[in-house]
Amino acid sequence: MRRGFTLIELLVVIAIIAVLAGLLFPVFARAREKGRQAMCTSNQKQIAMAAQMDAQEHEDHYAVPASFWGDLNLPAGVLRCPSRDPANGYQYNSDLGGMSTAKVTEPSSIFLTVDGNSDTSSAGSVPNVYYNTGQLDPKHNGSVIAAFADGHGALTNPADTLFYGGPVPALCNSGFEYPAETADPLYEAPPATTARQHWAFTGTAGIARGGSSQGNPAAPEGQQVAFLHKDGVVKQCVIMRAGSYKLTFKACCGSASAKLTILLDEHPFGSAITLTNAFAPYSSDTFTLENGTHTLGFQGIDIDGTDRIAYLDDVAVALP
Ligand SMILES: [Ca+2]
């Protein structure tokens, strides 16, 4: 007589298969995720390479956030992280926007792109641009992949402080070289073109070619400077880690004597600085800030309603 399987035997076989599947499926999932990580790393390295080439074509300055992805014009496949849904799963580091590549002194630790959500709810108005850690999307087993300014890619823990952009925040367009003032009268207040210049100007303030007019000496850095007419203001918003910093810059006045004051989060910081008609280096007192976004700026001082102008160049955040 032919004997079939008993119910017990069938159940034992099913249980063994279930145990084996339980052991193997996570192995398969991990192997699949490894493949996706490799593809994501490759994508971001290609983006980083394209960004370097784009910077080289623009006098060694990284693109401003608003024009970065359009400038690169990469194929859709390169923008898609295989572990996530968005058509573009990557974010460009806003800290690098408009910055001279020469200012990136630690390119292996400054990220250029990272896995991130592409919504703009926490990021101002520019999609796929990184402003804060809330935008990271750690879909690779709880980590993110990033490409760095030296072109290497790496899987990294999102808690890593490198996502604040380095030991001191880099100001964008710190030497006021964008936009290029090549047409008469060689200055604009405010500049009509905002591409690659991150400063906000209020009052009669703008960017001038060094030596253009009004007792403006040759620029101490590059070709251009900022100018603050009367009580004009120039300021920039930056991400800063909690800590103590100071501002360094070079400044002078036009043909009539002038003063300027440093603005920290919109408030005057320290006493007004009296300028001479030759560019000289200045340094602020040390200030301490909380983690987050801060506004660093300068304001001219309207002494008597006459044409007092302060010129400014080569602004940097430094450690005390
Ligand atoms: Ca300059």
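Computed from a prediction, not measured in an experiment: that's the story for all the values here.

Draft legend 1. Geometry of helix α2 (residues 65–72). Of the residues making up α2, those classed as buried are P65, F68 and W69. Along the long axis of α2, the arc covered by the buried residues comes to 75°, so they all point the same way. Taken together, the buried residues of α2 touch β1 (90–93) and β3 (129–130). N73 sits one or two residues past α2 and shows a positive phi near 50°.

Draft legend 2. Structural context of unusual backbone geometry. With omega at -10°, the peptide bond leading from Y178 into P179 counts as cis. On the secondary structure map, P179 appears in the loop between β5 (153–156) and β6 (187–188). In this model, D184 is joined to P185 through a cis peptide bond whose omega is 15°. Structurally, P185 is set in the loop between β5 and β6. The backbone of E59 shows a phi angle near 50°, a positive value even though the residue is not glycine.

Draft legend 3. Spatial organisation of helix α1 (residues 7–56). Helix length check: α1 (50 residues) gives 73 Å between terminal C-alpha atoms against 74 Å at 1.5 Å per residue, within 8%. Tucked into the core, α1 has its buried residues touching α2, α3 (76–79), β1, β2 (111–115), β4 (144–148) and β5.

Draft legend 4. Here's a closer look at the pairing of strand β11 (residues 243–253). Of the strand pairs in this sheet, β11 and strand β15 (residues 287–289) are connected by three bridges, and their pairing is antiparallel. Paired with S244 across the bridge in β15 is T288. Across seven bridges, the pairing between β11 and strand β17 (residues 309–318) is antiparallel. In the strand pairing of β17, T248 is matched with A316.

Draft legend 5. Region of the structure containing the nonpolar core. Counting residues in each nonpolar core, the largest one holds 66 residues, and the members touching the most others are A226, F227, L228, V234, A251, A310 and L312. Domain assignment of the residues forming this core places at least three in each of domain 1 (7–164) and domain 2 (187–318). Leaving out residues up to four positions away in the same chain, L228 has contacts with A205, V233, V234, L260, F298, Q299, G300, I309, A310 and L312.

About the criteria used
Residues numbered from 1 in each chain as written. Predicted model: local features only at pLDDT ≥ 70, side-chain atom pairs only at ≥ 80, totals over all residues. Buried ≥ 20, exposed ≤ 12 C-beta atoms within 10 Å, placed from the backbone. Helix = DSSP H or I, 4+ residues; strand = E, 2+ residues; numbered from the N terminus. Arc of directions from axis to C-beta. Contact = placed C-beta atoms within 7 Å. Expected span 1.5 Å × (residues − 1). Pairing = 2+ DSSP bridges. Core = buried A, V, L, I, M, F, W, Y, C linked by C-beta atoms within 7 Å. Domains from an automatic or database assignment.

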